[in-house]
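Here are the chains, one letter per residue:
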Amino acid sequence: DGRLTFYPGNQTVDLPFINFMKRYGTVFLNAYTNSPICCPSRAAMWSGLFTHLTESWNNFKGLDPDYVTWMDLMEKHGYHTQKYGKLDYTSGHHSVSNRVEAWTRDVDFLLRQEGRPMVNLTGDKKHVRVMEADWRNTDKAVNWIKEEAINLTQPFVLYLGLNLPHPYPSPYAGENFGSSTFLTSPYWLEKVTYEAIKIPKWSSLSEMHPVDYYSSYTKNCTGEFTKQEVRNIRAFYYAMCAETDAMLGEIISALRDTGLLKKTIVIFTADHGELAMEHRQFYKMSMYEGSSHVPLLVMGPGVKERQQVPNVVSLVDIYPTMLDIARIPVPRNLSGYSLIPLLHGKAENEVSPRAPRPSWVLSEFHGCNVNSSMYMLRTGKWKYITYSDGHSVLPQLFDLTADPDELTNVAIKFPVIVRSLDKTLRSIVNYPEVSSSVQEYNKRQFISWKQSLGQNYSNVIASLRWHQDWLKEPKKYENAIDKWL
């Protein structure tokens, strides 16, 4: 959640290396994901293109494996490149559940797709390496810096992808039932200031926006939660952020120890945030700030120190920025704009040959846990969220200055602003058309998957993540699918 990198969110947890980057570099106060889920978001970051252009519709469908990323171009232009850890931007990964849940979101049924969010404390006050796989990848990156990078005659680009902070799989809920366990050790929990944790306000289930209700239900969050449960989930999430910060620290320390820090640009960002029980949801797949607002910090040569950039930016800006750093000509068809002018502290009017950076960012989502394609336009103090074809589901408008917690939808109160923002959105993407093509894609994919299974279809679908609900009335749900098809 990008809001943790600046005031007032950063009072809840100690993030020393995020603070180090703020002191010696630039923090973006309004950076957004272009799609609040792993694979589509990363597809945008590696391609520099909006989700509707890459057609990365869900966690199974990302970029083609041979897509030319910014890293490929940098390698072609003489950079030594190295990747460790989670990449997750090409098609074909993630579970069958992820796919089927996304494809069937237009079916008229409500099924829980996740385990109920919960916390789990492991180890003792000496247990530092909770997320072992991430630490192993961090160690590899550190060793690479100390043994390889230091001896290179050419410039290098190193990518380290961490899984944290991300809820862990929940074995208590049975095989293949999502990742809903917030897990940490007392060592990290001590970095969290419990008194500073804000308990989010929830609207009653009957007042929820229909898409939010569907999300809350499929994420298993419609039951009763005590204040203590909610506070714990949030505290454990912040503790997981502290562990992530320590991994960032390992990289910064390795660069400092080898004398490379002064001549290396460091970028820290994320594919999406975590709602951590805001709006009666955990996880991502939402346009609310907790899910769509990402961290973005940059430090290194030429980057202005102690700078806070208020401009709205998004992950598609990474591609042109990387090319700019490497002095590679930036293709004109990109959705993103280089961040270099902002990082150098230059005014927008001194910018590159391309037209000036727009005053808006776009995010869109077409995957699981949400029963409609959704589109978010963020500009100035406004966040406009519209769904599907633009009229069959009510849009939302939030004034983030007056209502940072996004509790009051003012779309009906400001029809002129809604019309104006909708017009801007339609000039960027013909969203009713995109929504309709996603619906067709979902049906087509589902049919071919179903046919590939032959007679075994019912058994397979009954054992996916929604098995606990499905097995109560399998015939009812099979009929709903038949009706949809």
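This one's a predicted model, so the numbers in the text were calculated from it and none came from an experiment.

What about the nonpolar core?
With 77 residues, the main nonpolar core has M21 and L255 as its most contacted residues. Sorting elements by how many residues they give to this core places helix α9 (residues 227-257) first, with 17 residues. Aside from chain neighbours lying at most four places away, what touches M21 is T26, L248, I252, V266, F268, L297, V298 and M299. Core analysis: the next-biggest nonpolar cluster, separate from the first, contains 39 residues, W57, W103, Y375 and V434 among them.

Quick look at unusual backbone geometry
Here Y7 and P8 are connected by a cis peptide whose omega angle stands at 0°. One non-glycine residue, N220, lies in positive phi territory at about 65°. Within the fold, N220 resides in the loop between α8 (210-218) and α9. Accessibility expressed as a relative area gives 13% for N220, which makes it buried. Here the phi dihedral of E406 falls at roughly 55°; this positive angle occurs in a residue that is not glycine.

Observations concerning the pattern of salt bridges
Throughout the structure, instances matching the rule amount to 20 salt bridges. Among the ionic pairs, D399 bridges to K381, the shortest N-O distance being 3.4 Å. Taken together, the residues span a long stretch of sequence, with D399 in strand β13 (residues 396-399) and K381 in the loop between β11 (374-379) and β12 (382-387) at a distance of 18 residues. One salt bridge in this structure joins E473 and K476, with 3.5 Å as the shortest N-O distance. Residue classification places E473 among the partly exposed positions, given a relative accessible area of 39%. Here K476 falls in the partly exposed class, since its relative accessible area comes to 47%. Where salt bridges share partners, they join D1, R3, R234 and E278 into one cluster.

Quick notes on the domain arrangement of the chain
By domain assignment, the chain separates into domain 1 (16-365) and domain 2 (452-484). Centre-to-centre separation of domain 1 and domain 2, based on C-alpha positions: 33 Å. Contacts between the two partners involve 22 residues from domain 1 and, on the opposite side, 14 residues from domain 2. Summed over both partners, the interface of domain 1 with domain 2 comes to about 1,600 Å²; 62% of that surface belongs to carbon and sulfur atoms.

A few points about the pairing of β13
Of the two faces of β13, the one holding Q396 and F398 and the one holding L397 and D399 are both buried throughout. Here β12 pairs with β13 via four bridges, running antiparallel. Bridged to K383 within β13 is F398.

Rules used throughout
- Residues numbered from 1 in each chain as written.
- Predicted model: local features only at pLDDT ≥ 70, side-chain atom pairs only at ≥ 80, totals over all residues.
- Heavy atoms only, no water.
- Core = buried A, V, L, I, M, F, W, Y, C linked by side-chain atoms within 4.5 Å.
- Buried < 20%, exposed > 50% of the residue type's maximum accessible area, 1.4 Å probe, protein only.
- Helix = DSSP H or I, 4+ residues; strand = E, 2+ residues; numbered from the N terminus.
- Contact = heavy atoms within 4.5 Å.
- Salt bridge = Lys/Arg side-chain N within 4 Å of Asp/Glu carboxyl O.
- Domains from an automatic or database assignment.
- Buried area = accessible area lost by both parts, 1.4 Å probe.
- Pairing = 2+ DSSP bridges.

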